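Okay, here's what each chain looks like letter by letter:
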Protein chains: 2
Amino acid sequence: MNPNVDEAMDFINKFHKFKPDKTMVLLIGDCMVDYHGRARSFLDRGERIIMIKQDGTVLVHQPTMREPVNWQPSGSITDFEVNSQHLVMKSRHNRPPEKMKITFHKIISVMICILRDQAKVIISGMETDVVNEISNNPSIIEDGFRICKKEMHVKSGLIDLYGYDRDYIPVVIEVKRSIASISAVQQLRMYVSDVKKDIESASVRGILCAPRIPEMSRDLLYKIILISYSFFVLPKNH
Amino acid sequence: MNPNVDEAMDFINKFHKFKPDKTMVLLIGDCMVDYHGRARSFLDRGERIIMIKQDGTVLVHQPTMREPVNWQPSGSITDFEVNSQHLVMKSRHNRPPEKMKITFHKIISVMICILRDQAKVIISGMETDVVNEISNNPSIIEDGFRICKKEMHVKSGLIDLYGYDRDYIPVVIEVKRSIASISAVQQLRMYVSDVKKDIESASVRGILCAPRIPEMSRDLLYKIILISYSFFVLPKNH
DNA sequence: CCTTGAATATCGGTG
DNA sequence: CACCGATGTTCAAGG
């Protein structure tokens, strides 16, 4: 705890420098951050946690907020040096070109560790799950509904689900996992219009599936004569 | 380092439990993570870094990737308990409802600290900067172009820039800092359609400004008879 | 509160 | 490698 600059530098040189892809660095200290890349930023002095991951990712975390205030993408190369009594950390990334410089005014803690983690997270309840759910059980939508294609490419993009209703009318389904905004309605509208042109049919239905469809979106749906469904498919246990 | 369960629990009770909004916890250990909320997820055992921030944010970081593999939003409440020889961390959030449970099988390190950080990051080179750049020098777009309004509200949203070309034809400009996707074209299309209605003019041009406009977006742009510009405005120094 | 849209978005999948 | 679209997106701004 509270190492001086040379102690910190020695520690990093000993345990991290020659195997940056195997060791993580956790630095806590008073520092300032400069970033030049896709954008530019400056962060004045303050106490933060800096994490260098084994894939080269660098994160700078302030004491609040989910998002790092500054970061470097994975594949970045990070070097340390001592510059007029300060520990300086420089990180570079090639494509896209990004540089970040952290100047430490006080080092509260340096920690280096090797983490072994083979596990991959299993997530359920996302958009593909809902699409599959409907695909396996099309009557969720309505009786007599049949799926024809998943992820069908049309001019304006990718249709989530395409099928026919009990009267053989073509149906385009757009699935959203979160609130369906106006742009979702626009998206569906474009898809329906694309399909109409492609198959030269006057009647193509559009269905919007979402946990919630706000009034504004609903209004627009009705206005452009699409039938909408608002429903919530609970994420399944895995 | 390598504290046992009771030592870790005592340490957390002593330094974090009664002032969670003032202290951060950094836990390193072998753990598994369950999450139930907007979606569901399970992460099997592995060594990770867990960070509890002063605003209640919780981050679970694997040794690679910029994104936390699991997290809780700010405002979450986190409690610790010992359950059949394991340190268990439970975090709750109200709106939206989210629960995360971390079960530790081995604790490599527990660290608690108070970070003082008042600084706010200053960023330049973002979309508003490009909008201002064009606003200050409209001839970037084309000769004789004049800006009329920034961030003009219309039915479907917010127009980045609104103006007239040399022939007094109204022009809507949509600025993107990254690749202009189909949805950007949709957005522009809506804005142009809104303006046409609002001012009852048959001819309104749309211009899409982006560092790159892919072929599919370009096709859609031409299809709906909008003139597009693809160019890159470098972020200024601040 | 809600809705809208940007982001140094990040990330995975597909062609 | 380009490109599309989801994300437990997060986050800030404005009505």
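What counts as what
- Residues numbered from 1 in each chain as written.
- Chains lettered and ligands numbered in written order.
- Predicted model: local features only at pLDDT ≥ 70, side-chain atom pairs only at ≥ 80, totals over all residues.
- Heavy atoms only, no water.
- Helix = DSSP H or I, 4+ residues; strand = E, 2+ residues; numbered from the N terminus.
- Rg over C-alpha atoms; globule rule 2.2 N^0.38 Å.
- Buried < 20%, exposed > 50% of the residue type's maximum accessible area, 1.4 Å probe, protein only.
- Contact = heavy atoms within 4.5 Å.
- Areas by Shrake-Rupley, 256 points an atom, 1.4 Å probe, with all protein chains shown as cover.
- Lys, Arg positive; Asp, Glu negative; His and termini not counted.
- Charge placed at Lys NZ, Arg CZ, Asp CG, Glu CD.
- Polar contact = N/O pair within 3.5 Å; in protein donor to acceptor, adjacent residues only side chain to side chain.
- Arc of directions from axis to C-beta.
- Domains from an automatic or database assignment.
- Patch = residues over 30% accessible without salt bridge, like charges linked within 9 Å, V, L, I, M, F, W, Y side chains within 5 Å.
- Salt bridge = Lys/Arg side-chain N within 4 Å of Asp/Glu carboxyl O.
- Phe/Tyr/Trp six-rings, centres within 6.5 Å; stacked < 30°, edge-to-face > 60°.
- Lys NZ or Arg CZ within 6 Å of the ring centre and 35° of its normal.
- Near = heavy atom within 4 Å.
- Nonpolar A, V, L, I, M, F, W, Y, C, P; charged D, E, K, R; others polar.
- 1 Å grid on protein atoms, 1.4 Å probe; cavity = no way out; pocket = protein on both sides within 12 Å on 5 of 7 lines; lining within 4 Å.
- Points joined across faces, edges and corners; volume = space filled by probe spheres on them.
- Axes fitted to C-alpha atoms, helices over the stretch in contact; angles between N-to-C directions.
- Parallel < 35°, antiparallel > 145°, perpendicular 65-115°, else oblique.
- Left-handed = near helix turned anticlockwise from the far one by under 90°.
- Pairing = 2+ DSSP bridges.

1. Some remarks on the overall build of chain A
Stage number 1. Assigned secondary structure in chain A consists of 4 helices and 12 strands.
Stage number 2. Taken against the 2.2 N^0.38 rule, which gives 18 Å for 238 residues, the C-alpha radius of gyration of chain A at 26 Å runs more than 25% over that of a compact globule.
Stage number 3. Within chain A, buried positions represent 50% of all 238 residues.
Stage number 4. Residue pairs in contact within chain A that sit at least 24 positions apart in sequence constitute 51% of those at least 6 positions apart.
Stage number 5. Accessible area for chain A stands at about 12100 Å²; split by element, carbon and sulfur atoms hold 53% of it.
Stage number 6. Averaging the coordinates of the 33 positive side-chain charges in chain A and doing the same for the 29 negative ones gives two points 3 Å apart.

2. Some remarks on the side chain of Asp30 of chain A
Residues and elements named next belong to chain A.
Stage number 1. Structurally, Asp30 can be placed in strand S1 (residues 24–36).
Stage number 2. For Asp30, a relative accessible area of 11% puts it in the buried group.
Stage number 3. Among the polar contacts made by the side chain of Asp30, one reaches the main-chain amide nitrogen of Gly46 at a distance of 3.1 Å.
Stage number 4. Ignoring anything within four residues of it in the chain, the contact list for Asp30 reads Arg45, Gly46, Glu47, Thr103, Phe104, His105 and Lys106.

3. Comments concerning helix H2 (residues 127–136) of chain A
Residue and element names in this part refer to chain A.
Stage number 1. Val130, Val131, Ile134 and Ser135 are the residues of H2 that are buried. Looking straight down H2, one finds its buried side chains confined to an arc of 140°; they lie on one side.
Stage number 2. Tucked into the core, H2 has its buried residues touching strand S9 (146–154), strand S10 (157–164), strand S11 (170–175) and strand S12 (205–209).

4. Observations concerning the domain arrangement of chain A
Stage number 1. Domain annotation of chain A identifies domain 1 (5–113) and domain 2 (127–233).
Stage number 2. The centre of domain 1 of chain A, based on its C-alpha atoms, is set 47 Å off from the matching centre of domain 2 of chain A.

5. Here's the deal with a positive patch on the surface
Stage number 1. Positive charge collects at one region of the surface, where Arg189 and Lys223 of chain A together with Lys155 and Lys197 of chain B lie side by side.
Stage number 2. Here Lys223 of chain A is to be found in helix H4 (residues 215–223).
Stage number 3. Since its relative accessible area comes to 57%, Lys223 of chain A is described here as exposed.

6. So, helix H4 (residues 215–223) of chain B
Stage number 1. Turning to H4 of chain B, its buried residues are Ser217, Leu220 and Leu221 of chain B. End-on view of H4 of chain B: buried residues confined to an arc of 105°, all on one side of the axis. Of the exposed residues in H4 of chain B, the ones pointing more than 90 degrees away from its buried face are Glu215 and Tyr222 of chain B.
Stage number 2. On its buried face, H4 of chain B is in contact with helix H3 (182–199) of chain A together with helix H3 (182–199) and strand S12 (205–209) of chain B.
Stage number 3. Downstream of H4 of chain B by a residue or two, Ile225 of chain B has a phi angle that is positive, lying close to 50°.

7. Some remarks on the packing of aromatic side chains
Stage number 1. Evaluation of the coordinates by the stated rule reveals 4 aromatic pairs over all chains.
Stage number 2. The ring of Trp71 of chain B is capped by Arg66 of chain A, whose NZ or CZ atom sits 4.4 Å from the centre of that ring.

8. Considerations on the protein's contact with DNA strand D
Stage number 1. Taken together, 23 residues form the shell around DNA strand D, and within it Met126 and Glu127 of chain A together with Asn70, Trp71 and Arg212 of chain B come nearest.
Stage number 2. A share of 76% of the atoms of DNA strand D within 4 Å of the protein falls on sugar and phosphate groups.
Stage number 3. With respect to DNA strand D, the side chain of Tyr35 of chain B contributes an N or O atom lying 3.1 Å from a base nitrogen.
Stage number 4. Only S10 of chain A together with strand S4 (70–72) of chain B provide two or more residues apiece to the surface near DNA strand D.
Stage number 5. Looking at the surface near DNA strand D element by element, the count peaks at 3 residues for S4 of chain B.
Stage number 6. Residue composition of the surface near DNA strand D, by class: 9 nonpolar, 4 polar and 10 charged.

9. A short note on the protein's contact with DNA strand C
Stage number 1. The full set close to DNA strand C counts 23 residues, and Arg38 of chain A together with Arg66, Met126, Glu127 and Lys176 of chain B are the nearest of them.
Stage number 2. Sugar and phosphate atoms represent 80% of those atoms of DNA strand C found within 4 Å of the protein.
Stage number 3. At a separation of 2.9 Å, a phosphate oxygen of DNA strand C approaches a polar backbone atom of Arg66 of chain B.
Stage number 4. One of the side-chain N or O atoms of Lys176 of chain B is found 2.6 Å from a phosphate oxygen in DNA strand C.
Stage number 5. Looking at the surface near DNA strand C, the elements with two or more residues in it are strand S4 (70–72) of chain A together with strand S10 (157–164) and H3 of chain B.

10. What about the layout of surface pockets?
Stage number 1. Here the largest pocket defines a volume of roughly 500 Å³.
Stage number 2. Residue lining of the largest pocket: 18 residues in total, with Arg177 of chain A together with Tyr35, Arg38, Ala39 and Glu98 of chain B positioned closest to the centre.

11. Brief notes about the packing of H3 of chain B against H4 of chain B
Residue and element names in this part refer to chain B.
Stage number 1. Here H3 crosses H4 at 20°, and the two axes come no closer than 8 Å. When the interaxial angle is binned, H3 and H4 end up roughly parallel. The interaxial crossing formed by H3 with H4 has right-handed handedness. The residues of H4 that touch H3, namely those facing Ile182, Val185, Gln186 and Leu188, are Met216, Ser217, Leu220 and Leu221.
Stage number 2. Residue composition of the contact of H3 with H4, grouped by class: 6 nonpolar, 2 polar and no charged.

12. What to know about the pairing of strand S1 (residues 24–36) of chain B
Residues and elements named next belong to chain B.
Stage number 1. Of all the 13 residues making up S1, 10 are buried; the element is thus mostly covered by neighbouring parts of the structure.
Stage number 2. For S1 and strand S7 (residues 98–113), the ladder comprises 13 bridges, and the chain directions are antiparallel. Bridging from a neighbouring strand, Tyr35 pairs with Met100 of S7.
Stage number 3. In this structure, the hairpin formed by S1 and strand S2 (residues 40–52) is closed by a connection of 3 residues.

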